Amino acid sequence: MKNSQILELVGGAAPRDAAGALADRSKLVSTADPATAAELGGRYVTRSTTSESLAALAALVAAGELAVHITARYPLAHAAEALALVESGHAKGKLVLEVS
């Protein structure tokens, strides 16, 4: 992936899979696995859930500088189905629960 960056949030095998998709492994950033990120040439950042950091992430998405891969959307009534997909390890992106 030319000029791509990957923000890896899961750990386990995910950092290695993500690094394999990058031409420049320094573009790999992990919030879950500091040792593997460093081993692969990427970096680790700590997660922050403050309103300021979440607003900064939202601004990056709105500006098109951070792409979020959404696999599927589920109504809240189907939350158990969405959770089962995540727990099975077969979700390849984010799942969105829609609350109306």
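Parameters and conventions
- Residues numbered from 1 in each chain as written.
- Predicted model: local features only at pLDDT ≥ 70, side-chain atom pairs only at ≥ 80, totals over all residues.
- Heavy atoms only, no water.
- Helix = DSSP H or I, 4+ residues; strand = E, 2+ residues; numbered from the N terminus.
- Contact = heavy atoms within 4.5 Å.
- Pairing = 2+ DSSP bridges.
- Right-handed = clockwise from strand over helix to strand, strands pointing away.
- Expected span 1.5 Å × (residues − 1).
- Buried < 20%, exposed > 50% of the residue type's maximum accessible area, 1.4 Å probe, protein only.
- Polar contact = N/O pair within 3.5 Å; in protein donor to acceptor, adjacent residues only side chain to side chain.

**Describing the side chain of S30**
Checked against the element boundaries, S30 lands in strand β2 (residues 28–30). For S30, the residues in contact, after removing those within four places along its chain, are E8, A37, R43, Y44 and V45.

**A closer look at the pairing of strand β5 (residues 94–98)**
In this structure, strand β4 (residues 70–75) lies alongside β5, joined through five bridges in parallel fashion. Opposite I70, over in β5, you have K94 as the bridge partner. Read from β4 through helix α4 (residues 79–88) to β5, the crossover connection turns out right-handed.

**What about helix α3 (residues 51–62)?**
Taking 1.5 Å per residue, 12 residues should reach 16 Å; α3 reaches 16 Å between its end C-alpha atoms and fits that length. Looking one or two places after α3, you find G64, whose phi comes out positive at around 80 degrees.

**Regarding the sheet that holds strand β3 (residues 43–44)**
Strand order in the open sheet formed by three strands is β1-β2-β3, and the pairing between neighbours is parallel. Of all strands in the sheet, those with a lone pairing partner are β1 (6–8) and β3, marking the two edges.

**Points about the side chain of T36**
Secondary-structure assignment places T36 in helix α2 (residues 34–39). A relative accessible area of 10% means that T36 is categorised as buried. At 2.8 Å, the side chain of T36 forms a polar contact with the side chain of D33.

No statement about biological role is implied by the geometric values presented.
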